[in-house]
Amino acid sequence: MEILLIGGLWLDDTAWNEVIPALEALGHRPRPVTLPGQGDGRSSATLDEQVAAILAAVDATVEKPLLVAHSAACTLGWLAADARPERVAKLALIGGFPNEDGQSYADFFEMRDGAMPFPGWGPFAGADSADLDEELRRRIAADAIPVPEQVARGVVRLTDQRRYEVPVVVVCPEFGPDQAREWIAAGEAPELARAKHVEFVDIDSGHWPMFTKPAELARLLDGAASRD
């Protein structure tokens, strides 16, 4: 299956370097999506431009792809499903939930010089980062790309109710499937509460399984791709 990989905040295409060969070994055709402002040197990129890059990747596939989105980028994946509900076979959300129409994309941390730099590991203490050793923490922090302010503070716009028909797989890293279900039932993820086809799969990792459990993540995505 064609699989498009969308990294979360501060990540570029290299975040998927260990997942891609594992997916290829399972017979898939994975491709990371280059997000404007995250790896191409463009500090003035906008949220709309990131969405456009994903839609261009979707439109370039021969068959309907599995769209994989990580963390805050789960909203990017949802925006793509909203814009191309007939072209996305399934959406896998890793460690995140899509925002609603009218919300900001990811205005979470302090902006400096027109961008939102990686805030350090303090905000991610606990289950998020428990499986990251010191070397990996240093590497992720060193490679982190400040997210352009116009991306982080961009406003989410959803227009097509057919997005709720796109099958969704919630990959649960630092939280479990039962907790995810509770959050959705409590109204903390209204978009997923309206989705018609949602399943949950667990992975024993922190918030960045592409770094700590790439082979296991690839197997989970393989399972998602194989299920109708």
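Residues numbered from 1 in each chain as written. Predicted model: local features only at pLDDT ≥ 70, side-chain atom pairs only at ≥ 80, totals over all residues. Heavy atoms only, no water.

Trainee: Looking at this model, I keep getting lost on the sheet that holds strand E2 (residues 29-32). Mind explaining?
Mentor: Sheet strands associate in pairs through backbone hydrogen bonding, adopting either a parallel or an antiparallel arrangement. An order of E2-E1-E3-E4-E7-E8 is seen for the six strands of this open sheet, with the pairing classed as parallel. The sheet terminates laterally at E2 and strand E8 (198-202), the two strands that pair on one side only. Across the sheet, the mean angle separating the axes of adjacent strands is 20° when strand polarity is ignored. One ladder, built from five bridges, connects strand E7 (residues 168-172) with E8; its direction is parallel. Bridge assignment links Val168 to a residue of E8, and that residue is Val198. Helix H3 (residues 74-83) contacts strand E1 (2-6), strand E3 (66-70), strand E4 (90-94) and E7 of the sheet and is inclined by roughly 150° relative to E3. Running over the sheet, helix H6 (residues 177-185) touches E7 and E8 and is turned about 145° from E8. (Pairing = 2+ DSSP bridges. Helix = DSSP H or I, 4+ residues; strand = E, 2+ residues; numbered from the N terminus. Axes fitted to C-alpha atoms, helices over the stretch in contact; angles between N-to-C directions. Contact = heavy atoms within 4.5 Å.)

Trainee: Explanation requested: helix H9 (residues 214-226) in the structure shown.
Mentor: Since the α-helix advances by 3.6 residues per turn, residues separated by three or four positions end up pointing in the same direction. Here H9 is 13 residues long and its end C-alpha atoms lie 18 Å apart, about the 18 Å a rise of 1.5 Å per residue gives. Every buried residue belonging to H9 is among Pro214, Leu217, Ala218, Leu220, Leu221, Gly223, Ala224 and Ala225, and all of these are buried. On the buried face of H9, the contacting elements are helix H1 (19-25), E3, E4, E7, E8 and helix H8 (209-212). (Expected span 1.5 Å × (residues − 1). Buried < 20%, exposed > 50% of the residue type's maximum accessible area, 1.4 Å probe, protein only.)

Trainee: Help me out: how do you make sense of the pairing of E4 in this one?
Mentor: Within E4, five of the five residues are buried, which leaves the element mostly enclosed by the surrounding structure. Neither face of E4 is open: one carries Lys90, Ala92 and Ile94, the other Leu91 and Leu93, and all of them are buried. Taken together, the five bridges between E3 and E4 define a ladder with parallel strand orientation. The residue bridging His70 from the neighbouring strand is Ile94, located in E4. As a crossover connection, the stretch from E3 through H3 into E4 is right-handed. Where E4 lies against E7, four bridges are found, and the strand directions are parallel. (Right-handed = clockwise from strand over helix to strand, strands pointing away.)

Trainee: Explanation requested: the environment of Thr159 in the structure shown.
Mentor: Examined against the element boundaries, Thr159 turns out to sit in the loop between helix H5 (149-152) and E7. Judged by relative accessible area, Thr159 falls into the exposed class, the value being 69%. Taking the C-alpha atoms as reference, Thr159 lies 23 Å from Leu5; in sequence the two are 154 residues apart.

Trainee: Is there a simple way to explain the environment of Trp10 in this structure?
Mentor: Mapped onto the elements of the fold, Trp10 is located in the loop between E1 and H1. Using a relative accessible area of 6% as the deciding quantity, one classes Trp10 as buried. In sequence terms Trp10 and Gly154 are 144 residues apart; their C-alpha atoms lie 16 Å from each other. A polar side-chain atom of Trp10 sits 3.0 Å from the main-chain carbonyl oxygen of Met116. (Polar contact = N/O pair within 3.5 Å; in protein donor to acceptor, adjacent residues only side chain to side chain.)

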